[in-house]
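# Observations on the three-dimensional arrangement
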Amino acid sequence: MGATRRWPLPDGYHHLRVRTAIGHGPAVFERAGQAVLDWRMHRAVGVSIRSGEPVATPGRPVVVGLGMGPLRLRAPCEVVWTVADGTRTGFGYGTLPGHPERGEESFVVGRESDDSVVLTVTAFSRPATWYTLMAGPLVPFFQRAYARRCGRVLRRLTTE
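Quick summary incoming for the structure in this document. (Residues numbered from 1 in each chain as written. Predicted model: local features only at pLDDT ≥ 70, side-chain atom pairs only at ≥ 80, totals over all residues. Heavy atoms only, no water.)

## Some points on helix H4 (residues 138-159)
Across its 22 residues, H4 extends 32 Å between first and last C-alpha, which sits within 8% of the 32 Å expected from 1.5 Å per residue. Every buried residue of H4 is accounted for by Val139, Gln143, Tyr146, Ala147, Cys150, Gly151, Val153, Leu154, Leu157 and Thr158. Looking at the buried residues of H4, the elements they touch are strand E1 (14-24), helix H1 (26-37), helix H2 (40-45), strand E6 (101-111), strand E7 (116-127) and helix H3 (130-135). (Helix = DSSP H or I, 4+ residues; strand = E, 2+ residues; numbered from the N terminus. Expected span 1.5 Å × (residues − 1). Buried < 20%, exposed > 50% of the residue type's maximum accessible area, 1.4 Å probe, protein only. Contact = heavy atoms within 4.5 Å.)

If you want it as structure tokens, here you go:
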């Protein structure tokens, strides 16, 4: 695991890469990176996060909850890598048994050479349950919409 760290992504999966401009400067980079690592971005998007760690930590499980009430889907994952090297901050997690998809997704805030700050969401996935298989092309549509929403929410969080 850890394949979302590099390109190209593995064959046999749906691939996703969405880049969203967040802002400019070191302060925006720091705030955005922290909001990704401490799950604040995910929670602000409207998903629940159950983790034994306050920040994304390699080797540690996390359960992402999508939807509401009895319709909430629980998506178990494991953080497989993190980065915080001064120009990139973020993590990738891979799916665990019980997740509706099989694959990996990463959320990385990058500081570009022109001092702009960008969130890149990268994923590869394929159905792991009958209902995601039946949903067909709707799953990639919702994954892309979710990635775009992450960017909009992170932009808002860095200006609050």
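Picking up after the structure, the text goes on.
## Let's talk about the packing of H1 against H4
Viewed as axis vectors pointing N to C, H1 and H4 meet at an angle of 125°, and their least axial separation amounts to 9 Å. By the angle between their directions, the pair H1 and H4 is classed as oblique. Once H1 is placed against H4, the crossing between them reads as right-handed. Counted together, Val28, Arg31, Ala32, Ala35 and Val36 of H1 and Leu154, Leu157 and Thr158 of H4 form the full contact between these two elements. Classifying every residue of the contact of H1 with H4 gives 6 nonpolar, 1 polar and 1 charged. (Axes fitted to C-alpha atoms, helices over the stretch in contact; angles between N-to-C directions. Parallel < 35°, antiparallel > 145°, perpendicular 65-115°, else oblique. Left-handed = near helix turned anticlockwise from the far one by under 90°. Nonpolar A, V, L, I, M, F, W, Y, C, P; charged D, E, K, R; others polar.)

## Thoughts on the sheet that holds strand E2 (residues 48-51)
In spatial order, the strands read E1-E7-E6-E5-E4-E3-E2; together these 7 strands make up an open sheet with antiparallel pairing. At either end of the open sheet lies a strand with only one pairing partner, and these are E1 and E2. On average, adjacent strands in this sheet sit at an angle of 20° to one another, irrespective of strand direction. In this structure, strand E3 (residues 61-66) lies alongside strand E4 (residues 73-84), joined through 6 bridges in antiparallel fashion. Within E4, the residue paired with Gly65 across the bridge is Arg74. (Pairing = 2+ DSSP bridges.)

Structural measurements only, silent on function.
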